Amino acid sequence: MFSKKDIIDKVLNRRSRQAVVAEAEAFAPTNIALVKYWGKRDSILNLPVTNSLSIALPTKGALTSIRVIDDKADIIRLNHKLIDHTTMFAKRIIDFLDLFRPHATERYNITTMTNIPVAAGVASSACGFAALTLALNGLYGWGLSTTELSILARLGSGSACRSFWNGWVEWQRGDRADGMDSFSVPLLDVTWPELRVGLLLLNTTEKSVSSREAMQRTVATSPLFLEWPQRVDSDLAQIKQALITRDFLLLGRVAEANANAMHACMAAATPSVNYREPATEAARATVRQLRDKGIPVFYTQDAGPNLKLLFLSENTKDITEAFTSIETEQPFLVEETIA
Ligand code: PMV
């Protein structure tokens, strides 16, 4: 068994932990998985049971700055608000920073601005840990590759390893016990300018069961999880096929089915996990009704009650009329990568 510190040492490989700038700032986009990461084979290193595939939302994410301070404790701000160290948000950041401090008394001032709700199943931890990893890389002048950054961010939150690129990204599960082969790779040549992702925020209060807890329960107790790895293999192959042939119906159908299968796996756990609220069910029903009317729209759902809708630009009007509060993202509007 390897510890997180072992992995940090391997990746940093004796690089200096002396700040080279007064302050470093970085942005990372959030990412939405169409083939989900659900279940860990190593819950310390966040090593997944399967590969997963996501699409980045280039204008939604986290902008994080970090500097070393002469203080007794870290100072953490989120959207200008000072965050209490007893909160889960602060604890996860402090635990992550503990892995990198050159000495136990090094303290940081971290400021994060985000335009997505935190801990509501909209991948706030993915962009948050990716931005923090990029900011540390800048602060200490490590010059790490995106592969190395992906490995480090994964130690903060699994899905963060997919937040270093725009566009489609695949997280390769890897086989090694130290996780040095478990990182993401961008599918750079596949763009889809007409693709739209709608964020349907139905309830943005913090979820009661964390994805970490829900995954552990699923892996340990859900009989349906036995079939999950095979399911992911087949869904991934179909989605990749859909990307190559620009088959939107195949893409949407497989993505929606994959999300449904993930939620079925957790529903079959003991105790059962359910992130679906009445508003979620109602929105899912509206999506199905729109499809019955011939409008191609599909949903995906993560560890929270909110939905993300997949549709094409030609149907934007139909979708925004049916869901007046939807925030529509154009994943391929920004061409360049961020890292
Ligand atoms: O990275 P975590 O621990 O927040 O897990 C994310 C899990 C899902 O969002 C539900 C699926 C995914 O692949 O992003």
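Cut-offs used in this document
- Residue positions within a chain follow its written sequence, with the count starting from 1.
- Residues qualify for local features only when their pLDDT is at least 70, as the model is predicted, and side-chain atom pairs are given and counted only at 80 or more; totals for whole chains, interfaces and linings, by contrast, use all residues.
- The side-chain numbers reported here are obtained from all heavy atoms of the structure, hydrogens and water having been left aside.
- The criterion for an aromatic pair is that two Phe, Tyr or Trp rings (for Trp, the six-membered ring) have centres within 6.5 Å, with stacked assigned to planes under 30 degrees apart, edge-to-face to planes over 60 apart and tilted to the rest.
- Every helix listed is a DSSP run of H or I at least four residues long, and every strand listed is a run of E at least two residues long, numbered separately from the N terminus.
- Here's how the labels work: a residue is buried when its accessible area is under 20% of the maximum for its type, exposed when over 50%, partly exposed in between, all with a 1.4 Å probe on protein chains only.
- A molecule or strand has a residue near it when one of that residue's heavy atoms lies within 4 Å.
- The definition of a polar contact used here is a pair of N or O atoms within 3.5 Å, where within protein one atom must be able to donate a hydrogen and the other to accept one, and adjacent residues in sequence count solely through side-chain atom pairs.
- Each accessible area is a Shrake-Rupley estimate made with a 1.4 Å probe; only the visible protein chains count as cover when residues are assessed.
- Here, any two strands with at least 2 DSSP bridges between them count as paired.
- Starting at the helix axis, one direction is taken to each C-beta atom, and the arc is that of these directions.
- Any pair of residues with heavy atoms lying within 4.5 Å of one another is described as a contacting pair.
- Charge convention: Lys and Arg are scored as positive, Asp and Glu as negative, and His as well as the terminal groups of each chain are ignored.
- What makes a salt bridge here is a side-chain nitrogen of Lys or Arg within 4 Å of a carboxyl oxygen of Asp or Glu, nothing more.
- When two cysteine sulfur atoms lie within 2.5 Å, the pair is treated as a disulfide.

## Concerning the packing of aromatic side chains
- Under the definition given, this model contains 9 aromatic pairs.
- On the basis of an interplanar angle of 45° and a centroid distance of 6.0 Å, the ring pair of W168 and F332 is categorised as tilted. Taken together, the positions of W168 in strand β8 (residues 168–172) and F332 in the segment after β13 (327–329) put the pair 164 residues apart, joining distant regions of the chain.
- Given a relative accessible area of 1%, W168 falls into the buried group.

## So, the site of the ligand
- The environment of the ligand is made up of 14 residues, and the closest members are A33, Y37, S157, S159 and R162.
- A distance of 2.9 Å separates an oxygen atom of the ligand from a polar atom in the backbone of Y37.
- A distance of 3.2 Å is found between an oxygen atom of the ligand and a side-chain nitrogen or oxygen belonging to S211.
- Here the ligand has 380 Å² of accessible area as a free molecule, and 91% of this is covered by the chains.

## A look at the pairing of strand β12 (residues 307–312)
- Across the 6 residues of β12, 6 count as buried, placing the element largely inside the fold.
- Note: strand β10 (residues 195–200) against β12, 6 bridges, orientation antiparallel. Residue pairing in the sheet places L195 in a bridge with L312 of β12.
- Note: strand β11 (residues 298–301) against β12, 4 bridges, orientation antiparallel. The residue bridging T300 from the neighbouring strand is K308, located in β12.
- Connecting β11 to the antiparallel partner β12 that follows it, the hairpin turn spans 5 residues.

## Details of helix α1 (residues 4–12)
- Taken as a whole, α1 has its buried residues at I7, I8, V11 and L12. An end-on view of α1 places all buried positions within 120° of arc, on one side of the element.
- Each element contacted by the buried residues of α1 is listed here: α4 (146–154).
- Of the residues flanking the end of α1, it is N13, one or two places downstream, whose phi is positive at about 45°.

## Description of the side chain of N315
- With respect to the helices, strands and loops of the structure, N315 is situated in the loop between β12 and α9 (316–322).
- Each residue touching N315, except ones within four places of it in the same chain, is listed here: I295 and P296.

## Regarding the environment of H80
- With respect to the secondary-structure elements, H80 resides in the loop between β5 (75–78) and β6 (81–82).
- Exposure remark for H80: the relative accessible area of 63% places this residue in the exposed category.
- The spacing of H80 and T112 is 32 residues in sequence and 7.9 Å in space, taken between C-alpha atoms.

## Some thoughts on the environment of K293
- By secondary structure assignment, the location of K293 is in the loop between α8 (278–292) and β11.
- Placed 150 residues apart in sequence, K293 and G143 show a C-alpha to C-alpha distance of 52 Å.

## Overview of the side chain of R284
- Here R284 shows up in helix α8.
- Among buried Asp, Glu, Lys and Arg side chains, R284 stands out as unpaired, with E281 the closest opposite charge at 4.6 Å.

## Structural notes on the state of the cysteines
- Under the defined criterion, the tally for this structure stands at 0 disulfides.
- Here C127 is not disulfide-linked; the sulfur of C161 is the nearest cysteine sulfur, at 14 Å.
- We classify C161 as buried; its relative accessible area is 0%.

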